[in-house]
Amino acid sequence: MENNAPEKRKRILSCIQPSGIPTLGNYLGALKNWKTLSEDFDSAFAVADLHAITVRQEPAKFRKQITEVLALLLAIGLDPEKSIVFIQSHVPAHSQLAWILNCYTQFGEMSRMTQFKDKSKAHADNVNVGLFSYPVLMAADILLYQADLVPVGIDQKQHLEIARDIANRFNTIYSPTFTVPEPYIGKQGAKVMSLQDPTKKMSKSDPNPKSYVSVFDTPDVIVKKIKSAVTDCEGKVCYGEGRDGVNNLMSIYSCCTGLDYDRIAADFEGKGYGEFKAAVAEAVVEELRPVRERFDRYMGDKAYLLDVAAKGAQRASSIADRTLNKVMKKVGFVLPK
Ligand code: AQP
C-alpha cells in the first residue's frame, strides 16, 4: 500500500547565551542562519541563561541581557508561533537531564574541551564545576528535543561531538533513546575573529570592546571599531595564509554582501586598507540596521516578550518532559505518580 503520510520534518535546536550583548560573530556565525532554517525545519531556539552563569554575572545586568537576547531572537525574524522560542531556565528538564548525563560522561572527556581551557585561563579566579561540565548541559539541551541538526558556529563543534558521544553511549547502555544530532555549520561566517587579535574568535565577553562589533553598536561605533581592526603591512586586499586580520575582514564583508573572495580582491585591487575598511564598515552597518530597528520595537513591549517566553516554555516542556521521563524510566528511577 502506498504511504501518503507526510514526511516528518527534521528538528533543529540552537541556543545563545545572554552573557553580554551578542556580537557580529554570533550574528553571522549563528543568528543570521536561524531565520532561514526555521522555515525549513521544526525548530526551537533558547536563551541559554543557565550556561551564562558559568561566568559570574551581575544580577540586574544579567536580567536585562536575558530580555535583550529574547528580543533579538524575534528581531532576527523568528516567528514564535512557528518556532519554539524560550528561556532555558524556564524548562527545568534541562537541569534535570544534565545531572543524569553528568553520570554518563567521563572526567577525561571534559578535560579536553578547548573552551574550558580557554575560559579557565580567562576567569582563573572562578574555575567552577559548571564551567567544566558546560558541554553536558549543552548535550542535555539538544538531546531533550531529539534534535536532528544543531546549527552552531565552528567554535562549538567539539561540544557537539561530545553530545553525540553521550547520546550514543546512553543508547548503547540501554536502548535507542536519543536522536544522535549532526552539526549544521553555515558555509561562511563560520568563525568570525576578534578585530584586535584575529587569531582569537570574536566573543561578547571579551573585556576589550574594540575586539568585537556588538549587534547594537551605533553606525559611528561600528565604523570606528572596523577602522581600528588589526591588519598587516602588506596593504593588499586578498585572502591568504597568515593574513588573519585581512582574511577576517574579507570573510565579514563576504557574509554581508554575498560577494566571494575573488570578486572582493578584484574590486579592491590597487586600493588600500582604508578604503576597504570603510566598505566593510558600511556593509556591516546596513546588515545590522533592520535588526536593530526591530529590536528597539520589541524592547518597547516587555509584556509581549514575557508572553512569548511563557508560551515558548510551555511548548518546550511538553517535548522535553517526554524525553526526560523516558530517560528516568530507563535508568530505573521510580517516576512520581
Ligand atoms: N566568533 C564567532 N564566530 C562565529 N560564530 C560564533 N558564535 C559565537 N561566537 C562566534 C556562535 O554563536 C552561537 C551562540 O553562541 P553562545 O553565545 O551560546 O556561546 P559562545 O560560542 O561562547 O559565544 P561568545 O560570544 O564567545 O560568548 P561568551 O563570550 O560568553 O563565551 C553559537 O552557535 C556559537 O557557535
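All values derive from a computational prediction rather than experimental measurement.

Colleague: Help me understand the packing of aromatic side chains in this model?
Modeller: How two aromatic rings sit relative to each other is given by the distance of their centres and the angle of their planes. Counting across every chain of the model gives 14 aromatic pairs. Taken together, a centroid distance of 5.0 Å and an interplanar angle of 75 degrees make the contact between Phe116 and Phe132 edge-to-face. One end of the pair, Phe116, is in helix α6 (residues 114-122); the other, Phe132, is in helix α7 (residues 129-132), with 16 residues separating them in the sequence. When its relative accessible area of 14% is taken as the criterion, Phe132 is described as buried. An aromatic cluster of three or more residues is present, and its members are Tyr104, Phe170, Tyr174 and Phe178.

Colleague: Sorry if this is basic, but what is going on with the site of the ligand here?
Modeller: Residues in contact with the ligand amount to 23 residues; listed here are only the nearest, Ser19, Lys119, Ser203, Lys204 and Ser205. Within the side chain of Gln156, an N or O atom sits 3.1 Å from an oxygen atom of the ligand. At 2.9 Å from a nitrogen atom of the ligand is found a main-chain nitrogen or oxygen belonging to Met202. Look at the ligand: alone it shows 640 Å² of surface, and the protein chains cover 97% of it. At the level of secondary structure, the elements contributing two or more residues to the shell around the ligand comprise β1 (11-16), α1 (24-40) and α6. Counting residues per element, the shell around the ligand draws most heavily on α1, which supplies four residues. Grouping the amino acids of the shell around the ligand by side-chain chemistry returns seven nonpolar, eleven polar and five charged.

Colleague: Would you explain the pairing of β1 in this entry?
Modeller: It is a general feature of regular strands that their side chains alternate between the two faces of the sheet. As defined by bridge partners, β1 adjoins strand β2 (residues 42-47) across six bridges and the pair is classed as parallel. By the bridge assignment for β2, Leu13 is matched with Ala44. Once you follow β1 into α1 and on to β2, the crossover reads as right-handed.

Colleague: Sorry if this is basic, but what is going on with the packing of helix α4 (residues 93-102) against helix α14 (residues 302-331) here?
Modeller: Angle between the axes and distance between the axes are the two parameters that describe a pair of packed helices. It is at 10 Å that the axes of α4 and α14 come closest, and there the two elements cross at 25 degrees. As the angle between them shows, α4 and α14 are arranged roughly parallel. At the point where α4 passes α14, the crossing takes the left-handed sense. Only Ala320, Asp321, Leu324, Val327, Met328 and Val331 of α14 make contact with α4, whose side of the interface consists of Ala93, Gln96, Leu97 and Ile100. Here the residues of the contact of α4 with α14 sort into eight nonpolar, one polar and one charged.

About the cut-offs
- Residues numbered from 1 in each chain as written.
- Predicted model: local features only at pLDDT ≥ 70, side-chain atom pairs only at ≥ 80, totals over all residues.
- Heavy atoms only, no water.
- Phe/Tyr/Trp six-rings, centres within 6.5 Å; stacked < 30°, edge-to-face > 60°.
- Helix = DSSP H or I, 4+ residues; strand = E, 2+ residues; numbered from the N terminus.
- Buried < 20%, exposed > 50% of the residue type's maximum accessible area, 1.4 Å probe, protein only.
- Near = heavy atom within 4 Å.
- Polar contact = N/O pair within 3.5 Å; in protein donor to acceptor, adjacent residues only side chain to side chain.
- Areas by Shrake-Rupley, 256 points an atom, 1.4 Å probe, with all protein chains shown as cover.
- Nonpolar A, V, L, I, M, F, W, Y, C, P; charged D, E, K, R; others polar.
- Pairing = 2+ DSSP bridges.
- Right-handed = clockwise from strand over helix to strand, strands pointing away.
- Axes fitted to C-alpha atoms, helices over the stretch in contact; angles between N-to-C directions.
- Parallel < 35°, antiparallel > 145°, perpendicular 65-115°, else oblique.
- Left-handed = near helix turned anticlockwise from the far one by under 90°.
- Contact = heavy atoms within 4.5 Å.

The values are spatial; any link to function lies outside them.
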